[in-house]
8 protein chains.
Amino acid sequence: MPQVGIVMGSRSDEPVMAACGEVLESFGISYEIRVHSAHRAPEKTRDYAVSARERGIQVLIAAAGGAAHLPGVLASWTSLPVIGVPLATSELGGIDSLYSIVQMPPGMPVATVSVGAWGARNAAYLAAQIIALQDERVRAAYDAYRAKLAEG
Amino acid sequence: MPQVGIVMGSRSDEPVMAACGEVLESFGISYEIRVHSAHRAPEKTRDYAVSARERGIQVLIAAAGGAAHLPGVLASWTSLPVIGVPLATSELGGIDSLYSIVQMPPGMPVATVSVGAWGARNAAYLAAQIIALQDERVRAAYDAYRAKLAEG
Amino acid sequence: MPQVGIVMGSRSDEPVMAACGEVLESFGISYEIRVHSAHRAPEKTRDYAVSARERGIQVLIAAAGGAAHLPGVLASWTSLPVIGVPLATSELGGIDSLYSIVQMPPGMPVATVSVGAWGARNAAYLAAQIIALQDERVRAAYDAYRAKLAEG
Amino acid sequence: MPQVGIVMGSRSDEPVMAACGEVLESFGISYEIRVHSAHRAPEKTRDYAVSARERGIQVLIAAAGGAAHLPGVLASWTSLPVIGVPLATSELGGIDSLYSIVQMPPGMPVATVSVGAWGARNAAYLAAQIIALQDERVRAAYDAYRAKLAEG
Amino acid sequence: MPQVGIVMGSRSDEPVMAACGEVLESFGISYEIRVHSAHRAPEKTRDYAVSARERGIQVLIAAAGGAAHLPGVLASWTSLPVIGVPLATSELGGIDSLYSIVQMPPGMPVATVSVGAWGARNAAYLAAQIIALQDERVRAAYDAYRAKLAEG
Amino acid sequence: MPQVGIVMGSRSDEPVMAACGEVLESFGISYEIRVHSAHRAPEKTRDYAVSARERGIQVLIAAAGGAAHLPGVLASWTSLPVIGVPLATSELGGIDSLYSIVQMPPGMPVATVSVGAWGARNAAYLAAQIIALQDERVRAAYDAYRAKLAEG
Amino acid sequence: MPQVGIVMGSRSDEPVMAACGEVLESFGISYEIRVHSAHRAPEKTRDYAVSARERGIQVLIAAAGGAAHLPGVLASWTSLPVIGVPLATSELGGIDSLYSIVQMPPGMPVATVSVGAWGARNAAYLAAQIIALQDERVRAAYDAYRAKLAEG
Amino acid sequence: MPQVGIVMGSRSDEPVMAACGEVLESFGISYEIRVHSAHRAPEKTRDYAVSARERGIQVLIAAAGGAAHLPGVLASWTSLPVIGVPLATSELGGIDSLYSIVQMPPGMPVATVSVGAWGARNAAYLAAQIIALQDERVRAAYDAYRAKLAEG
């Protein structure tokens, strides 16, 4: 029963998001990866989000580029916290993705992290911080990571 | 049986979108207005979009600001053409809305018009152009409008 | 007698716009391709737009970059719906093209789609949605495409 | 013992952040408000962050404008999740604040929400979603809120 | 027989462009003012541009906002130098107008000046510099102006 | 005695500006090329600008990138028309150069053309349009060029 | 004999720059204020910069908006450190001023501070930090200020 | 005892910052290089800044990208002048870094220089200008450099 669901809109997003799973693993957090397009397959996206909590998911991580609706659409179907990763786009660099993810209306937040590869990893670190609030093992692993960082 | 459905995410969008209905009326195009938040009420938004065509709607016009997902979410639930109006936001001026509406992924277009008040009216003109392709009365009305414009 | 006219400002735009024609073909929509610079050859551009409807064209698709006036200029000479594709530019990434196409004044809309390669394809999908309103064959083909998308 | 610490860089940020506290209260979440400038009073900022967890704080919310370092500086001193609210600035509209908060380097995420007043409220909703993972009472309150939203 | 033609897309542009005429007058340069929308009245715009040189016009000044095609459209119909004034827009501040005017393709330049009120005046100063190349009286007047400026 | 002076801030700008000279040559316009940094060698830049008119120069073309002051500095030392070419910069794409050149204060215009390679050529076309006002031979050459363009 | 020279391009910049002088005074730093337009009065601007060091000036502060060349032009005429304050512009918010001041080419830095009112004050604080390196009295005053800040 | 401390957030910034040290050396200015992440190792960053002055450092140069807090964090811990170099980021080009560094709140300036490689060198030139105020040898070296520049 995975603790985190990583969702992306397209198989082409997998290379940049691979680091996300690796960071989760380093903290002993279980996860699953799904490819669901918010626009092309809205029913499947909805089913995934609606059933996430009862399947034990605690945090959703969604990566998307352009009119990057995936994180917001997931957020509209679940009350779990959703972390959004704005992916770079070739023409606009990812500002489009950033705006489309972060500027959510009141009541429906998406926890947005850095654009691109930095964000893929930071989504996992943020998920770890959230899960650590109730999971002693993850907290210890995360604190050990931070201590190592501080030593440079 | 309305030909056009105007949808907005919030009642506060009504003043700027009023002009949209007025333009449609000037061409004798029937329409209905709905307030459906893509995020806060995703189920109602979906039901509206899914049933639009069978109720006789030919074109959807959706206005939204910020992470303006409404037009894209409607597009994901229907195969009718969706026209998106990016509304201004107080902090970012509407660039956020524009990117969130126009940068749709392949297969799922939103016909985006100008930001704000210009777009509210242009959405109606565009709907008229589309309906005019099969409705002689609307075509005549639209052509008369264009002839009047050309005279200055 | 083609249903769609694809116009671009320069032969160098053909590679990115090739996908547009392919998508139209996949729905059985006939089209023609023209290279007309709005600025360098304004008379030819005008003649093309003015005669488009009587030649059976239902939708114009225009692609341009930089001060991308071509879609708006076509729109000024015809009352057919015009779809604009903002092409990327090497220095500004395509924001210049996007603004030049989407920010049309009231009365003269251009249905703007995504920047670059995504937009080249989305212009065709949007044209198919518009033509499907009156062409049962295209509607069936487009709905089949959407059903396939939804299956992922 | 408050569950959430709301920190802002200046007393002048209090009006926009008042809504944040009101939303937390509506879910029965306890909180405290502090004014600590990351730059002018770095020692106090550090002491606050370092002691936050042992004082029972589960989530920090930090609001700042311009070179909005406060959320990131707090994140550097604690392993609690930090939610950042980019406040509007009079000259640049808040894009400066948004970039300064969201573009955190790998290992050190800030959960960024919308710019300005929307973000002040969304920070509280996001905190509620996070706390709800382990607090049944908050979860019930949040789910009730979402149900009410969905009814429009 | 006016030396300069000032063209604007809408009567609402007249207040900001009034300063343009005043500057021209201060140098003894004759001018006429026309309101021609490039999009709404393309035929009249074309007729004006095509006949400008034979009517003695030496420089065209065109002001427009949004997808500000007017300067470029005039440039496409005449070989006279065209000066473009990007007018401010309420949502995007005038960046849209600037890009739409300045980013002209090779072969078809528009001499672009500052956005808004500064540009309305600078268009006239630039026209004076151009006309001064062949008109001793204007050159003397312009040089006197510059000498006065230099004295502060 | 050259009619046009092409000035650039650095030898590294020569490749992109080579096309400028070629276009001038194609119209039989004589020119000279100078490398003068507005900042590093302000005295030489001043001397060049101050003496330009008496040496027969009619139009100055200045290319620069970043805080691209060269065109404006030349304009401050001469009353000849100055055409500015905003060169691309590797980090900001040329928006910095564009703003630094176009946003001149009232009284001191720079005739700004497109960013980068398009602008290098358009500066020459604009210079030709200006010189053609008083030089029959250049006018004929330019009109011939335009006629050829119009034929596509 | 003033230690700091505050220069602005226009009398209209005085209100925002008044705070700059007040901050300098609070540290006992003497200063003078001059209005010199880099473009309109280049000779006076040059004379001021060239003579600044021998008159005892240690730091120049220059405020400008739009194509804000004043700080860079001063820097080109003196080897004293120049601090640049990007002033807001009504259409572009001050991004134009920021780029025009900060993006100086190698060899010719301008020490750029925040846009607008924040920058007017920060220019004085930065000047105080620089002068404090060699002036014990200013250092003591500045450190006292920082200690007071830290107390909140 | 070094006069300048060059600090960067990551070893990966060393290639672009190498030029900074070379320029300092060319003026006979001693320096040290440190890698301290403001976020990952806040305690070490603080210790370095707090002790800088007593170790004889006169100017700090800090380079960072993204949410580039390093210069501002150093400034919060010391009253020495801090020069900030905004490094390019792959997705946003360095605008994020620029805003995060330059938009410091009143009382806490960072002397910001150009983005990327230009800024790496300009930070050293600016440090030389500041140190030259009290170090005759550096002043002579810097003036010699400027004289050489002026000769082109």
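Please read all numbers here as calculations on a predicted model, not as lab measurements.

## Overview of the overall build of chain A
Along chain A, the regular secondary structure elements total six helices and five strands. Listed N to C, the secondary structure of chain A is β-α-β-α-β-α-β-α-β-α-α in terms of helices and strands. Its C-alpha radius of gyration of 15 Å places chain A within 12% of the 15 Å reference for a compact globule of 152 residues. Over its C-alpha atoms, taken along the principal directions, chain A stretches across nearly 40 × 35 × 30 Å.

## Quick notes on the pairing of strand E1 (residues 4–8) of chain E
Residues and elements named next belong to chain E. Counting buried residues along E1, five of its five residues qualify, which places the element largely inside the surrounding structure. Side chains of E1 alternate between two faces, with Val4, Ile6 and Met8 and Gly5 and Val7 buried alike. Two strands pair when backbone bridges link them, and E1 and strand E2 (residues 31–35) are joined in this way by five bridges, in the parallel orientation. Directly across from Val7, in E2, lies its bridge partner Arg34. Regarding the hand of the β-α-β motif, the stretch spanning E1, helix H1 (residues 14–26) and E2 is right-handed. Pairing of E1 with strand E3 (residues 59–65), which is carried by five bridges, proceeds in the parallel orientation. Residue Val4 lies in a different strand from E3, and its bridge partner there is Val59.

## Things to note about the interface of chain D and chain A
A common way to express how large an interface is: the accessible area buried when the components associate. Counting residues at the interface gives 41 residues for chain D and 42 residues for chain A. Of the roughly 3,600 Å² buried between chain D and chain A on both sides combined, carbon and sulfur atoms contribute 59%. Ranking the residues of chain D by area buried against chain A places Pro106(D), Pro109(D) and Leu133(D) at the top, with a combined share of 17%. Note that Asp143(A) and Arg53(D) form a salt bridge whose closest N and O atoms lie 3.3 Å from each other. Summed over the shared surface of chain D and chain A, the number is 27 residue pairs in polar contact (both at pLDDT 80 or more). Of all elements in the fold, only helix H3 (70–77), helix H4 (95–102), strand E5 (111–112), helix H5 (117–132) and helix H6 (136–151) of chain D reach the threshold of two or more residues within the side of chain D that touches chain A. No other element matches H5(D), which puts seven residues into the side of chain D that touches chain A.

## Focus on the relation of the copies chain G and chain E
Overlaying chain G on chain E yields an RMSD of 0.0 Å, the required transformation being a rotation through 90° with an accompanying axial translation of 0.0 Å. As the rotation angle and translation indicate, the two copies are arranged about a four-fold axis.

## Description of the relation of the copies chain D and chain A
In summary, the two copies of the chain are related to each other by a rotation about an axis coupled with a shift along it. Mapping chain D onto chain A leaves a residual RMSD of 0.0 Å; the transformation is a rotation of 180° accompanied by 0.0 Å of translation along its axis. Both copies are brought into coincidence by an operation consistent with a two-fold rotation axis.

## Re the side chain of Ser76(H)
Tracing the backbone through its elements, the reader meets Ser76(H) in helix H3 (residues 70–77). Setting aside anything within four residues of it in sequence, one finds Ser76(H) in contact with Ala38(D), His39(D), Pro42(D), Arg146(G) and Met108(H).

## Considering the packing of aromatic side chains
In this structure the tally under the stated criterion is 44 aromatic pairs over all chains. Ring geometry for Phe27(B) and Tyr142(B): centres 5.6 Å apart, planes at 55°, overall tilted. Placement of the pair is Phe27(B) in the loop between helix H1 (14–26) and strand E2 (31–35) and Tyr142(B) in helix H6 (residues 136–150), with a sequence separation of 115 residues. For Tyr142(B), a relative accessible area of 1% translates into the label buried. Among the aromatic residues, those joined into a cluster by ring pairs are Phe27(A), Tyr125(A), Tyr142(A) and Tyr145(A). One residue, Arg46(A), lies across the ring of Trp77(A), its end atom 5.0 Å from the ring centre.

## Regarding the confidence of the model for chain A
Scored by pLDDT, chain A has a mean of 96; 100% of the residues are at 70 or more. Model confidence for the complex: the whole-complex pTM is 0.97, and ipTM, which rates the interface, is 0.97.

## Re the interface of chain G and chain E
Contact residues are listed per partner, giving seven residues for chain G and 11 residues for chain E. In total, chain G and chain E occlude about 700 Å² of area from one another, counting both sides; carbon and sulfur atoms represent 64% of this. It is Arg40(G), Glu91(G) and Leu92(G) in chain G that bury the most area against chain E; as a group they hold 67% of the surface buried on that side. Summed over the shared surface of chain G and chain E, the number is zero salt bridges.

## Concerning the arrangement of the chains
Across all C-alpha pairs, the smallest distance from chain D to chain E is 12 Å, and the two are not in contact. The two partners chain B and chain G share no contact, and the minimum distance between any of their C-alpha atoms is 12 Å.

## Considering the packing of helix H1 (residues 14–26) of chain G against helix H5 (residues 117–132) of chain G
Residue and element names in this part refer to chain G. At a closest axis distance of 8 Å, the pairing of H1 and H5 adopts a crossing angle of 25°. Taken together, H1 and H5 sit at an angle that is classed as roughly parallel. Where H1 crosses over H5, the handedness of that crossing is right-handed. Side by side, H1 and H5 meet where Val16, Met17, Ala19, Cys20, Val23 and Leu24 of the first sit next to Ala117, Ala120, Arg121, Ala123, Ala124, Tyr125 and Ala127 of the second. When its residues are assigned to classes, the contact of H1 with H5 shows 12 nonpolar, no polar and one charged.

The rules behind these values
- Residues numbered from 1 in each chain as written.
- Chains lettered and ligands numbered in written order.
- Predicted model: local features only at pLDDT ≥ 70, side-chain atom pairs only at ≥ 80, totals over all residues.
- Heavy atoms only, no water.
- Helix = DSSP H or I, 4+ residues; strand = E, 2+ residues; numbered from the N terminus.
- Rg over C-alpha atoms; globule rule 2.2 N^0.38 Å.
- Buried < 20%, exposed > 50% of the residue type's maximum accessible area, 1.4 Å probe, protein only.
- Pairing = 2+ DSSP bridges.
- Right-handed = clockwise from strand over helix to strand, strands pointing away.
- Contact = heavy atoms within 4.5 Å.
- Buried area = accessible area lost by both parts, 1.4 Å probe.
- Salt bridge = Lys/Arg side-chain N within 4 Å of Asp/Glu carboxyl O.
- Polar contact = N/O pair within 3.5 Å; in protein donor to acceptor, adjacent residues only side chain to side chain.
- Least-squares fit on C-alpha atoms with pLDDT ≥ 70 in both.
- Phe/Tyr/Trp six-rings, centres within 6.5 Å; stacked < 30°, edge-to-face > 60°.
- Lys NZ or Arg CZ within 6 Å of the ring centre and 35° of its normal.
- pLDDT = per-residue confidence, 0-100.
- Axes fitted to C-alpha atoms, helices over the stretch in contact; angles between N-to-C directions.
- Parallel < 35°, antiparallel > 145°, perpendicular 65-115°, else oblique.
- Left-handed = near helix turned anticlockwise from the far one by under 90°.
- Nonpolar A, V, L, I, M, F, W, Y, C, P; charged D, E, K, R; others polar.

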